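Listed below, chain by chain, are the residues.
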Amino acid sequence: MAWALKLPLTDEVIESGLVQDFDASLSGIGQELGAGAYSMSDVLALPIFKQEESNLPPDSENKILPFQYVLCAATSPAIKLHDETLTYLNQGQSYEIRMLDNRKLGELPEITGKMVKSIIRVVFHDRRLQYTEHQQLEGWRWNRPGDRILDLDIPMSVGMVDPRANPTQLNTVEFLWDPSKRTSVFIQVHCISTEFTMRKHGGEKGVPFRIQIDTFKENDGEEYTEHQHSASCQVKVFKPKGADRKQKTDREKMEKRAPQEKEKYQPSYETTILTECSPWPEVTYVNNSPSPGFNSTHNSFPVAEGNGSPGHQPEPVVQVADNLLPAATPQDAQQWLHRNRFSPFCRLFTNFSGADLLKLTREDVIQICGPADGIRLFNALKGRVVRPRLTVYVCQESQQAREQQQKHENGDTASSTFFVYHAIYLEDLTAVELTEKIAQLFNISPRQISQIFKQGPTGIHVLVSDEVWLVSEVVHY
């Protein structure tokens, strides 16, 4: 066997002895490989080309992680040796994750006998999808209203305390557990990998997900914010029983490969061990203190008063709370989003000022936030008013005004009576609501109003109740 080595023979190379050392190494390679044909990948897999363990950083030597998480699902046999494992899951099926205490005796005594909090997430593996994760999840929410991406199977779980699932975070669950006790958590993933593929013509490969677990211990303020450990694994989710078929297909493909080819692939393990990773970045929430970027007032319906006719219906003037001003800074805009219940979108609008948000069109907001939240956010940005279901006008008549009106109708005298009507805006269309608003308008107790009548076209009086539709504009009491 002949080897050809192209190396510039400078004085430094010759003096260093590199040529002699490499020649000796090549002789060792020939002895290890023996006779016969072999590929360059076989050569590169030999120990001489591998990094020796003694050269690894001291931090990675004999490092024992405090916790270990084991997903009870088999890994795929069609993964090459140096690639990350891949596990197939069925949509909606419960899978056990064993939460194991891996500490040595005396290690981390501050959590001995105490609870820790773990957060489980299903996130995208591809970086391209990670950048648009919020839009992807909101699109999924719109297509699957009322469903969650990740759920806990509480009846099957053991050792789990205070499980929680935030309605706005469809892909996240959290719970407390005691590391000294047996803990097994069963999860269900309800999305499938092909729901997030760019082209959906059938037969395309689904995108991989990551199941990540972050564990925290209590701080001095008894809040679970001190990070202890994070680990994750790569999974793909199929429709029910699709994961079993895919696992079987991969196994049959591997059985047909030559023995030399099989050695390049990992064996299929019965369980999946989550490997250590960086903690998932949390959204930094700002406080809710008042900001100069806000115009804070109370919601109210001012009552229009004047000498207008009951037939004239002015638009209700509504003052909207927390109007976002164009001069608001990005920090002010973040606070405004929190105060108006748009916290899930704070991360998306991190660098948006008040002017940036106000420039968004209705179509822009709906495309970013989805139809439901998008319309709500657009109306809040533009200060849109919700119209009342009905506007009625009431007038308080005195006995003297009533007598003068009667004389005018009989033709005895000219009318000098001046009636003032007050607008009342109704939303629920109930007699109780009308009674309370009339009492508030004239500063009396609702108990003083025994009955309310609406005046018909021929002067008859109809008793107002929840069954009677309030269509008349003039109400006497």
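Source: prediction; values computed, not measured.

Undergrad: Describe in detail the nonpolar core, supporting the description with residues and values.
TA: Nonpolar side chains in soluble globular proteins generally cluster together in the buried interior. The biggest cluster of nonpolar side chains holds 40 residues, and the ones touching the most others in it are Leu71, Leu89, Ile97, Ile120, Phe209 and Ile211. Counting residues in each nonpolar core, the second largest holds 17 residues, with Leu324, Trp336, Phe345 and Val365 among its members.

Undergrad: Could you give an account of the packing of aromatic side chains, with specific residues and numbers?
TA: Counted according to the given criterion, the structure contains seven aromatic pairs. Between Phe67 and Trp177, the ring centres sit 5.4 Å apart and the planes meet at 65 degrees, which makes this aromatic pair edge-to-face. Linking Phe67 in strand E1 (residues 67–71) with Trp177 in strand E7 (residues 172–177), this pair joins segments that are 110 residues apart in sequence. When sorted by exposure, Phe67 lands in the same class as Trp177, which is buried. Each ring, one from Trp336 and one from Phe342, has its centre 6.1 Å from the other, and the planes form 15 degrees; the classification is stacked. You can call Phe342 buried: its relative accessible area is 1%. Taken together, Phe124, Phe196 and Phe209 form an aromatic cluster joined through their ring pairs.

Undergrad: Could you give me a rundown of the pattern of salt bridges, with the residues and numbers involved?
TA: Following the criterion strictly, the structure yields 16 salt bridges and no others. As a salt-bridge pair, Arg121 and Asp214 come within 2.8 Å of each other at their nearest N and O atoms. With Arg121 in strand E4 (residues 116–124) and Asp214 in strand E9 (residues 209–218), this pair connects stretches of sequence that are 93 residues apart. The exposure classification of Arg121 matches that of Asp214, with both residues buried.

Cut-offs used in this document
Within every chain, residues take consecutive numbers counted from 1 along the sequence as written. Since the coordinates come from a predicted model, pLDDT governs what is reported: local features require at least 70, and pairs of side-chain atoms require 80 or more to be given and counted, while whole-chain, interface and lining totals use all residues. As a rule here, side-chain values cover all heavy atoms of the structure and leave hydrogens and water aside. Each nonpolar core is a collection of buried residues, namely Ala, Val, Leu, Ile, Met, Phe, Trp, Tyr and Cys, held together in the definition by side-chain atoms within 4.5 Å. Exposure is judged per residue with a 1.4 Å probe applied to protein chains only, and the accessible area is read against the type maximum: over 50% gives exposed, under 20% gives buried, and values in between give partly exposed. Stacked, edge-to-face and tilted are the three classes for Phe, Tyr and Trp ring pairs, Trp counted by its six-membered ring, which pair at centre distances within 6.5 Å; planes under 30 degrees apart are stacked, over 60 edge-to-face, the rest tilted. Under the DSSP-based scheme used, a helix requires at least four consecutive residues in state H or I and a strand at least two consecutive residues in state E, with every element numbered from the N terminus. One speaks of a salt bridge when a side-chain nitrogen belonging to Lys or Arg is within 4 Å of a carboxyl oxygen belonging to Asp or Glu.

Geometry only, nothing functional implied.
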